[in-house]
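Here is how the chains run, residue by residue.
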Amino acid sequence: MPGFKEQEFNGALFVGEGETRFSVSVDLLTKDGKVINENMVPSIWRLGPIATDGSYYEIELSTDDRVITKERLGGLRATIDHPESWSATDVANAQAQLPGLQAKYDAMQAGKRNVVVRYARVDDTELVGSVTALDDDTSVWLDASAPWLEPSTYAVDGPSSLTGSSAGIRDASRTGYFRVDTDAPSDASASWATVKDMVAGMVGKPAAAGQGAAALRYELSRGETVTFTAHLGDSPVPQATRTKEETLAFIADARAHVDDGSVHGSGEVGRAATFMRDAMALNANYDEKYDRSFVMWGLGGGGDDIFKGWDSGWDGITAGSLDPALALDHVRDFYDQNGGPRYDQLNAGPMHAYLAWRTYTRTGDKSILELVYPYLTSYIARMPEFDTDKDGLLESPWAGPRLGGRGNHLGLDDSPQYANFQQVVTEGTDHRDNTNLTDVALNSYYGLFAENLSQMATALDKPDDAARYAALKEQLKTRMNAHLWNADRGLYLNRYLDGSWEPTNTPTVFYPLFGGLATPDRAKVLVEDHLLDPDEFWGEYAVPSVARNDPAFCSAGDHHPGVTGYEYFQKHLEEDACEEWKGAVWPPMNATVYDGLKRYGFDKPAADLATKSTKLWLTTWEELGWFPEYFDPEPGQVINSAATDTTWRTYSWSNLMPLMGTHELIADEPWGNPAGFRFGTLGLPGTNEVDGVPLHGHRYDVTAGPTATVVHEDGLLAFNSTGGRVVVRDFVLTSSGATFTIKADRPTKVLVHPRGGGKPLAASVPAGTTSVTL
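Criteria and thresholds
Residues numbered from 1 in each chain as written. Predicted model: local features only at pLDDT ≥ 70, side-chain atom pairs only at ≥ 80, totals over all residues. Heavy atoms only, no water. Helix = DSSP H or I, 4+ residues; strand = E, 2+ residues; numbered from the N terminus. Rg over C-alpha atoms; globule rule 2.2 N^0.38 Å. Buried < 20%, exposed > 50% of the residue type's maximum accessible area, 1.4 Å probe, protein only. Contact = heavy atoms within 4.5 Å. Areas by Shrake-Rupley, 256 points an atom, 1.4 Å probe, with all protein chains shown as cover. Salt bridge = Lys/Arg side-chain N within 4 Å of Asp/Glu carboxyl O. Pairing = 2+ DSSP bridges. Axes fitted to C-alpha atoms, helices over the stretch in contact; angles between N-to-C directions. Parallel < 35°, antiparallel > 145°, perpendicular 65-115°, else oblique. Left-handed = near helix turned anticlockwise from the far one by under 90°. Nonpolar A, V, L, I, M, F, W, Y, C, P; charged D, E, K, R; others polar. Expected span 1.5 Å × (residues − 1). Arc of directions from axis to C-beta. Core = buried A, V, L, I, M, F, W, Y, C linked by side-chain atoms within 4.5 Å. Phe/Tyr/Trp six-rings, centres within 6.5 Å; stacked < 30°, edge-to-face > 60°. Lys NZ or Arg CZ within 6 Å of the ring centre and 35° of its normal.

Participant: Describe the overall build of the protein, naming the residues involved and giving the relevant values.
Facilitator: A count of helical and extended segments in the protein gives 17 helices and 34 strands. For the protein, whose C-alpha radius of gyration is 27 Å, the value lies close to the compact-globule estimate of 28 Å for 774 residues. A principal-axis box enclosing the C-alpha atoms of the protein has dimensions of 75 × 75 × 55 Å. In the protein, which comprises 774 residues, the proportion classed as buried is 61%. Within the protein, residue pairs in contact and separated by at least 24 positions form 66% of the contacts whose partners lie at least 6 positions apart. Within the structure as shown, the protein displays about 26900 Å² of accessible surface, and the carbon and sulfur contribution to it stands at 51%.

Printed below as a string of structure tokens:
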């Protein structure tokens with residue numbers, strides 16, 4: 001389905017026996033003579049609904065790439081109207097740029113054409129689809145081609161059909177056959193020597209004829225629909241006999257059943273689970289080298305250094321909450337493609353350990369631990385080379401004199417907390433030197449890494465390893481609390497080797513919660529005195545990547561107070577003053593803080609952060625149809641609405657924002673009992689529901705509100721409580737009863753329904769935390 005390929009996602013992939021591969025794609029023509037066939041991120045207008053199992057897929061495409069928008073033009077007008085707030089050069093540039101950009105914008109809007117493409121799978125070899133024009137004078141091509149330029153042949157077979165054949169990539173003795181039939185004669189058709197020739201020929205440029213790709217052209221009026229059937233076989237496929245009406249009825253029925261077997265939700269926060277499901281489906285790719293699926297970090301790129309880093313760790317965690325099979329394939333594909341996490345990004349190893357452990361706690365598949373354990377133990381064994389002074393804590397690696405990349409060792413790029421560290425020349429297995437900055441975030445990841453390896457070793461029956469890694473985690477906890485806690489400020493802060501403090505206040509001060517290194521009393525200070533302070537990290541948009549009252553907040557450019565909506569605007573095609581790690585809200589940073597809150601039992605702040613994160617994500621999803629790499633830290637900035645970054649409009653880790661809402665309702669507990677799970681919330685607004693969540697081989701539906709929480713397992717009632725809000729941890733259900741810990745905000749009655757239909761078991765719990773065995 002769309003998303004199967006890094007650069008092209010407007011089509012569907014067919015894979016036959018022996019890896020015979022074909023694709024069918026919808027190509028939209030612009031009025032200035034271009035064809036939208038590949039690298040289509042700018043052309044996505046709306047996405048969904050999408051069924052996780054591929055039975056239904058819907059996407060709206062547009063010729064308007066939204067590079068020039070009325071909001072961007074508004075930024076230029078604000079510059080011109082407020083010359084006192086911008087430099088004379090910026091004002092002059094805005095005056096020069098605005099007329100030409102306005103003309104381009106007007107032409108784009110006049111020529112804008114949108115189509116809705118729908119696919120519905122009939123069975124493992126056949127799908128039906130439709131293309132509906134939302135504007136008059138819309139031109140589309142329906143093409144059949146090789147998805148990875150593999151040897152195959154394609155031809156036009158009459159006015160409304162395309163055919164193809166290809167030998168198997170894994171088994172050349174197998175031949176696959178492909179056929180596409182539409183419901184109406186095309187307005188034009190052709191076949192070309194290559195896909196490149198096809199793209200050129202579609203817009204009238206010189207192109208060689210041949211058998212490398214074939215396509216049918218349709219001229220559509222507003223509301224007009226063309227339908228098609230695409231079919232794969234191991235012998236020549238006969239022409240489809242399905243009528244247009246039958247095809248549309250099948251598509252409509254598939255759309256009506258999208259939620260069957262797919263995660264979906266309702267309520268102010270819970271509803272985002274449905275959209276998260278759709279967004280993740282877009283970035284589910286097929287690895288043509290290893291014949292399995294994985295989650296792409298962002299459309300438009302391949303298996304490069306970003307996939308090798310921490311991004312894909314978080315992406316796998318999101319996938320695990322939606323589609324366990326995809327998550328398992330994602331982990332396996334990561335090690336096939338890369339041979340393990342990249343070492344130049346020192347949180348890649350810890351994050352992929354965290355992913356592997358959480359994949360195990362959700363699926364129980366021990367083969368994942370057996371796969372990753374040798375890679376990860378070798379990785380952690382290298383990390384002490386960044387302990388410059390050999391005191392047990394790691395220092396940041398040296399990244400060179402350029403300030404913009406000094407946080408790259410943790411994916412934090414230009415984070416100002418690393419602006420002033422100094423090089424310390426060392427000899428190690430890595431090409432980088434060390435620095436003089438003891439790093440709170442790096443050591444927090446290091447502690448989590450040791451803990452996850454200890455957990456894995458226990459599961460793999462390696463008691464000596466388990467004890468060694470547990471001891472390392474405890475050593476780090478002792479050292480961090482002795483050396484990196486600034487009592488005057490009540491923060492875990494980076495510290496130079498001369499004993500002085502790095503003063504920059506960023507959310508990494510909360511990372512010791514994520515790593516399990518904070519003491520309970522210091523965790524309480526961090527949350528109550530800092531995280532929940534709107535002058536620092538709280539507020540409508542949270543969590544900013546630099547505290548709001550820190551001098552480094554939004555320091556990537558000039559501020560323009562009083563220029564409503566454009567306070568942080570710089571100039572055309574430049575990001576605002578809060579760009580990247582100088583203030584923007586980043587999904588993985590929020591998710592790290594959230595997991596730390598849940599780990600330490602700060603359930604109400606965690607629920608509030610999940611709510612804020614979900615609302616921020618929904619703002620961009622509903623207004624723009626995007627799920628971007630990062631977000632503005634301040635509301636009211638109209639240049640990109642809530643989305644700071646428009647380059648990566650479809651970035652997988654963006655979905656961590658709504659994932660927090662889903663995890664509020666039900667999640668694995670990575671620091672708890674692997675056989676149990678967590679559900680319920682102490683703070684999501686109103687009543688929220690998420691259904692069809694896969695966990696431990698079952699599907700769960702959870703509804704949680706102010707006075708009741710209800711859990712169904714595989715459609716059967718498993719738990720319900722009345723009285724107050726609850727969070728239930730380490731819930732293990734059996735045929736005879738259940739064990740769990742419950743935190744309630746008021747006295748609450750509980751009923752557990754054993755597997756197999758046994759008599760319900762009741763308990764009453766007071767406000768607070770209670771351990772229950774029924």
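Alright, that's what it looks like, and here's the rest.
Participant: A description of the pattern of salt bridges should follow, citing residues and the corresponding values.
Facilitator: Evaluation of the coordinates by the stated rule reveals 41 salt bridges. The partner of D90 in a salt bridge is K571, and the shortest N-O contact between them spans 3.2 Å. Here the residue D90 occupies a position in helix α2 (residues 88–110), and K571 occupies one in the loop between α14 (520–531) and α15 (587–599), the gap between them amounting to 481 residues. Its relative accessible area of 15% is what places D90 among the buried residues. Residue classification places K571 among the partly exposed positions, given a relative accessible area of 32%.

Participant: Break down the sheet that holds strand β28 (residues 708–713) for me, citing the residues and quoting the values.
Facilitator: With respect to topology, seven strands assemble into an open sheet ordered β15-β26-β27-β28-β29-β32-β33, the strand pairing being antiparallel. Both outer strands of the open sheet, β15 (264–266) and β33 (761–765), are each paired with one neighbouring strand and no more. Ignoring strand direction, the axes of neighbouring strands in this sheet form an average angle of 15°. Pairing of strand β29 (residues 716–722) with strand β32 (residues 748–752), which is carried by four bridges, proceeds in the antiparallel orientation. Paired with F719 across the bridge in β32 is V752.

Participant: Explain the pairing of strand β31 (residues 738–744) to me, using residue names and the numbers behind them.
Facilitator: In terms of burial, β31 is largely enclosed, as five of its seven residues are buried. By the bridge criterion, six bridges tie strand β30 (residues 726–733) to β31 in an arrangement that is antiparallel. When the sheet's bridge partners are listed, L733 is paired in β31 with A738. With antiparallel pairing between neighbouring strands as the criterion, β30 and β31 make up a hairpin whose turn holds four residues. Inspection of the sheet shows β31 paired to strand β34 (residues 768–773) by six bridges, in the antiparallel sense. Counted as the bridge partner of T739 is T773 from β34.

Participant: A description of the packing of helix α1 (residues 70–81) against α2 should follow, citing residues and the corresponding values.
Facilitator: Direction vectors running N to C along α1 and α2 enclose 150°, while the axes themselves pass 9 Å from each other. The angle between the axes of α1 and α2 places the two elements in the roughly antiparallel class. Seen from above, α1 lies across α2 with left-handed handedness. Taken together, the residues of α2 that come into contact with α1 (itself represented by K70, L73, L76, R77, T79 and I80) are D90, V91, A94, Q95, Q97, L98, L101, Q102 and Y105. Residues of the contact of α1 with α2, tallied by class, amount to eight nonpolar, four polar and three charged.

Participant: Can you break down helix α4 (residues 244–256) residue by residue, with the values?
Facilitator: Note on helix geometry: an α-helix contains 3.6 residues per turn, so any two residues three or four positions apart are oriented the same way. Taking 1.5 Å of rise per residue, 13 residues should cover 18 Å, and α4 covers 18 Å from first to last C-alpha, within 8% of that figure. Along α4, the residues classified as buried are T247, I251 and A254. Along the axis of α4, the buried residues cluster in a sector spanning 65°; they form a single face. Set apart from the buried face of α4 by more than 90 degrees, the exposed residues are E245 and A256.

Participant: Hey, could you go over the nonpolar core for me, with residue numbers and the actual values?
Facilitator: If you look at the biggest cluster of nonpolar residues, it comprises 184 residues, and the most contacted ones within it are M456, F719, F731 and F740. Element by element, the count of residues in this core is highest for helix α11 (residues 440–459), at 12 residues. The residues touching M456, leaving out its near neighbours within four places in the chain, are A353, A356, W357, L369, V372, Y373 and L376. In this structure, A78, W86, V91 and F569 belong to the second largest nonpolar core, which totals 14 residues.

Participant: Outline helix α8 (residues 324–338), supporting the account with residue identities and numerical values.
Facilitator: Between its first and last C-alpha, α8 extends 21 Å over 15 residues, near the 21 Å set by a 1.5 Å rise per residue. Of the positions making up α8, those classed as buried are L326, A327, L328, H330, V331, D333, F334, Y335 and N338. Phi for G339, located one or two positions after α8, is positive at around 70°.

Participant: Just give me the short version of unusual backbone geometry, but keep the residues and values in it.
Facilitator: Note that the residue after G48, namely P49, is joined by a cis bond; omega there is 10°. Mapped onto the fold, P49 is located in the loop between β4 (44–47) and β5 (56–62). With an omega of 10°, the peptide bond running from A542 to V543 counts as cis. Phi angles above zero are rare outside glycine, and D291 is one such case at about 60°. Look at D291 and you get partly exposed, because its relative accessible area is 26%. Its identity as a non-glycine residue notwithstanding, H696 has a phi of 55°, on the positive side.

Participant: I'd love a proper account of the sheet that holds β30, names of residues and values included.
Facilitator: The antiparallel open sheet is built from five strands, whose spatial order is β24-β25-β30-β31-β34. The open sheet has two edge strands with one neighbour each: β24 (666–667) and β34. One ladder, built from three bridges, connects strand β25 (residues 677–680) with β30; its direction is antiparallel. What sits directly across from F679, in β30, is V728.

Participant: Give me the lowdown on the packing of aromatic side chains, citing residues and values where you can.
Facilitator: Counting across every chain of the model gives 41 aromatic pairs. Where Y445 meets Y511, the ring centres are 5.8 Å apart and the plane angle is 85°; that geometry is what we call edge-to-face. Here Y445 is found in helix α11, whereas its partner Y511 is found in helix α13 (residues 511–514), with 66 residues between them in sequence. An aromatic cluster of three or more residues is present, and its members are W297, W310, W581, W586, Y630, Y651 and W653. Seen from the ring of W501, R495 lies directly overhead, with NZ or CZ sitting 4.2 Å from the centre.

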